[in-house]
Each structure stands twice: as structure tokens, then as C-alpha cells.
Protein chains: 2
Amino acid sequence: MSHIILASASPRRKELLEQVKLTFQIRVSSCEEVITKTIPYEIVMELSEQKATDISSHLTDSEKEDCIVIGADTIVAYEDQILGKPSSPENAYAMLRLLSGNIHQVYTGVTLIKYENGICQKKTFYEKTDVYFYPLTDEKIHTYIASGNCMDKAGAYGIQCEAAAFVQKIDGDYNNVVGLPIARLLKEMEQF
Amino acid sequence: MSHIILASASPRRKELLEQVKLTFQIRVSSCEEVITKTIPYEIVMELSEQKATDISSHLTDSEKEDCIVIGADTIVAYEDQILGKPSSPENAYAMLRLLSGNIHQVYTGVTLIKYENGICQKKTFYEKTDVYFYPLTDEKIHTYIASGNCMDKAGAYGIQCEAAAFVQKIDGDYNNVVGLPIARLLKEMEQF
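Report follows, based on the coordinates.

About the cut-offs
- Residues numbered from 1 in each chain as written.
- Chains lettered and ligands numbered in written order.
- Predicted model: local features only at pLDDT ≥ 70, side-chain atom pairs only at ≥ 80, totals over all residues.
- Heavy atoms only, no water.
- Helix = DSSP H or I, 4+ residues; strand = E, 2+ residues; numbered from the N terminus.
- Rg over C-alpha atoms; globule rule 2.2 N^0.38 Å.
- Buried < 20%, exposed > 50% of the residue type's maximum accessible area, 1.4 Å probe, protein only.
- Contact = heavy atoms within 4.5 Å.
- Areas by Shrake-Rupley, 256 points an atom, 1.4 Å probe, with all protein chains shown as cover.
- Lys, Arg positive; Asp, Glu negative; His and termini not counted.
- Charge placed at Lys NZ, Arg CZ, Asp CG, Glu CD.
- Least-squares fit on C-alpha atoms with pLDDT ≥ 70 in both.
- Axes fitted to C-alpha atoms, helices over the stretch in contact; angles between N-to-C directions.
- Parallel < 35°, antiparallel > 145°, perpendicular 65-115°, else oblique.
- Left-handed = near helix turned anticlockwise from the far one by under 90°.
- Nonpolar A, V, L, I, M, F, W, Y, C, P; charged D, E, K, R; others polar.
- Buried area = accessible area lost by both parts, 1.4 Å probe.
- Salt bridge = Lys/Arg side-chain N within 4 Å of Asp/Glu carboxyl O.
- Polar contact = N/O pair within 3.5 Å; in protein donor to acceptor, adjacent residues only side chain to side chain.

### Quick notes on the overall build of chain A
Along the backbone of chain A there are 6 helices and 7 strands. Listed N to C, the secondary structure of chain A is β-α-β-α-β-β-α-β-β-α-β-α-α in terms of helices and strands. Taking 2.2 N^0.38 as the reference for a compact globule, 192 residues should give roughly 16 Å; the C-alpha atoms of chain A span a radius of gyration of 17 Å, in line with that estimate. For chain A, the spread of C-alpha atoms along the principal axes amounts to about 55 × 30 × 25 Å. Across the 192 residues in chain A, those meeting the buried criterion constitute 55%. For chain A, restricting intrachain contacts to residue pairs at least 6 apart in sequence, the fraction spanning at least 24 positions comes to 69%. Accessible surface computed for chain A: about 8,500 Å², of which carbon and sulfur atoms make up 48%. Side-chain charges of chain A comprise 19 positive and 27 negative groups, with the mean position of each set lying 3 Å from the other.

What follows is the structure, encoded as C-alpha cells:
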């Protein structure tokens, strides 16, 4: 298997790669995210590509012999609104109030850039998961925000933490909601 | 909140209760499981009730002032076949071969027995999740069985371990597949 580099600082993406027993390095992109798209799946594909491209541009010649760089980006979409990471606890409250009792979509875009003997190939894809939230009381929302587990997450919740209690059901890949569609990612890497 | 007792030895059920920040004790039922039903959701409800009833029968008078006992049982069903924990690696192989490329159902039955001032109430429910497996090569199945992560799990796989790579998508509650529909459980406890 090629040398794998994850272009993400997300501890959840790291855990998912570890869960499927991959060996990899982490390198965090510091490039500015530039969004030129408006459709959710186009946005996450665009941002995942920017991250993977930035890390790829700093690879050494010897790394370009046999290497795969993985970039990923996750957003939450509710009707016409795109929800990224909340800017404040008030913003987190507004997001969770929107999601309460409703169905929203989680999109993760993934870009793979593969180098083999100096030849470069690129592949970008996305996964969408529908998430059904139970109605939430203000008390539940405030308790959750106070836990501090929402500020670093798109849509202001983490399905893998106590916000699991908010989720009635999903339709799609669970790990896509966590931040990386790991099963699809492995399939795409095999087919490269 | 009442004193909570989990009537299960499953480390995954313990982790799910911890994930939503519940405080609880574990007591493992040693009663023999007696299955008189044939329909999957009836089987898991019956077995969850046996576990909760067994632990309840050993509560002290002071515990019966304010206490909830949680029993749970999970099975995998594929068409007419019920898949529990595999009896051998060969049996695990047969199960995973069946599930490969197909859709199966995971059923978890939960029984809550609540004591308040000596008065006892009981509630039993189940959740069903559809799980869509990618086609699996023999190599993938054998590697997974060799990891030892399949023998203690209904249907011979754990969605929360490296078998995440087998799952294309789910329709329903993810934690129900792990072994406990935690969001529904909290709802039912609140409504008691």
C-alpha cells in the first residue's frame, strides 16, 4: 500500500483511519479556504481539493514515488442554508434550533491525490447522509452547548458524542456524518 | 434521575451510556436465555425482558425506592435467517458470506423496568436498522475473522471496528447496530 498522508487536523478523521487499520501521517494544510461554489456537494469537493492540493505541493521527490494524499471537508445543509462550524455559542444555538425536529443533510467531500513514480492522478467525490433530529428542548440545546462539544463541528453537533441522543435515524453512511466516508474512501483507493 | 442499572456485559452498551453522560451500574444476568418466539423483533424483546427481569428479581428493598433496570438484546436477520454470535470461525465466515453485497436488518430489543417507591412499571420496545453491505472478497472476510473482532458479535461483525469498511450505508439508528438505540432509550426513559 502507498504511503498515506491525511491532510486534516480533525481528530475524528484520524480515528476513522485508525479504525480500519491504515498506517498514515498527518499534515495540516494552512492554505486559505476559498469557496467559489454555492451547491453543498460542490463546496465540500472544492474545499477537499484545496486541502489535498496544498499538501501535495509540498511533497518531496522521494515521497512522489509512491504516495496518496487525502483531503476532506464536511458541511451540514438545511434547506438553503449551509452550516459550517459555529462562530459563537449563540450561533451554535441558532443552528441546533434549525435542526431540531427536522431532516438535514451532511456532505463530506474527499479528494485523493496519488503519486506513483512521479505520475500524479486525482479523484474527488462526495457522500451525502440524511440525518433526522428529534425535537430538542431549549434546555437540551443549552446543556449541550455548555458541554463545549459543539464549537469545532459543522452544524454545531457531533453525532459521536452526547448529541447521539438528538438523532432519531440516518439514511446513508454514519462515518460520513462523523467526518469521513471511510468505506467509500477505501473502495476509491483500491480502484485507483 | 433514578439509579440506573445496565443488565448487560457488553462493553459497547456501556460505552454508549457513557457517551450520553449517564451514571449507571452494570449487573450481568446469568439466567438462561429461553427463546419461544420466531420473529426477529419478538425474539429481541423477549430476551431483553428476560435479562432485565432477572436482574430486577435481585434488587434490594432500598434499590426498589428509585431505580431503572435496562435489559437489551441484539440480533442480525437476513431474509429468514437469524444470526446471533458465531459459534466458530467457519460459522463467522458463513455469516459474512451471506451478508456480503446484501441488505440485512439489525434488531435490538430493550426492556426498561422502573421501580419508584416500591411500584414497578415495565416497558419493552425494539428498533430496526437496515444495513447495506458492499460485496466482500474472501480475502477481506478472512482478514477480518483473523483479527478476532467478530466472534463476540451478532452477525459476526462490529460496525464500530474495521468492519466499518464493509458498510455502504444504513437506514435507521447507527447505535442500534452497535447494540443499543441510545436516543430512543433516553426518550423512553424520559416518558416513563
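### Some points on the relation of the copies chain A and chain B
For the pair chain A and chain B, the superposition axis carries a translation of 0.0 Å, the fit reaches an RMSD of 0.0 Å, and the rotation angle comes to 180°. Viewed as a symmetry operation, the transformation between the two copies matches a two-fold axis. By C-alpha distance to the rotation axis, the residue of chain A lying nearest is Asp171 of chain A, at 2.2 Å. The overlap is high: 100% of the interface residues of chain A also sit at the interface in chain B, so the same surface is used on both sides.

### Re the packing of helix α3 (residues 89–99) of chain B against helix α4 (residues 138–146) of chain B
All names here are of chain B. Running from N to C, α3 and α4 cross one another at 140°; their axes reach a closest spacing of 10 Å. One finds that α3 runs oblique with respect to α4. The element α3 and its partner α4 pack so that their crossing is right-handed. Taking contact as the criterion, the partners of Pro89, Ala92, Tyr93, Leu96 and Arg97 in α3 are, on α4, Asp138, Ile141, His142, Tyr144 and Ile145. Residues of the contact of α3 with α4, tallied by class, amount to 7 nonpolar, 1 polar and 2 charged.

### Details of the interface of chain A and chain B
Interface extent is often summarised as the accessible area lost during association of the parts. Across the boundary between the two partners, chain A contributes 27 residues, which contact 27 residues of chain B. Interface of chain A and chain B: buried area, both sides summed, is about 2,000 Å²; carbon and sulfur atoms make up 53% of it. In this structure, the connection of chain A to chain B is made through 4 salt bridges. Among the salt bridges present, the one from Lys140 of chain B reaches Glu190 of chain A, with a minimum N-O distance of 2.7 Å. In this assembly, chain A and chain B are joined by 11 residue pairs in polar contact (both at pLDDT 80 or more).

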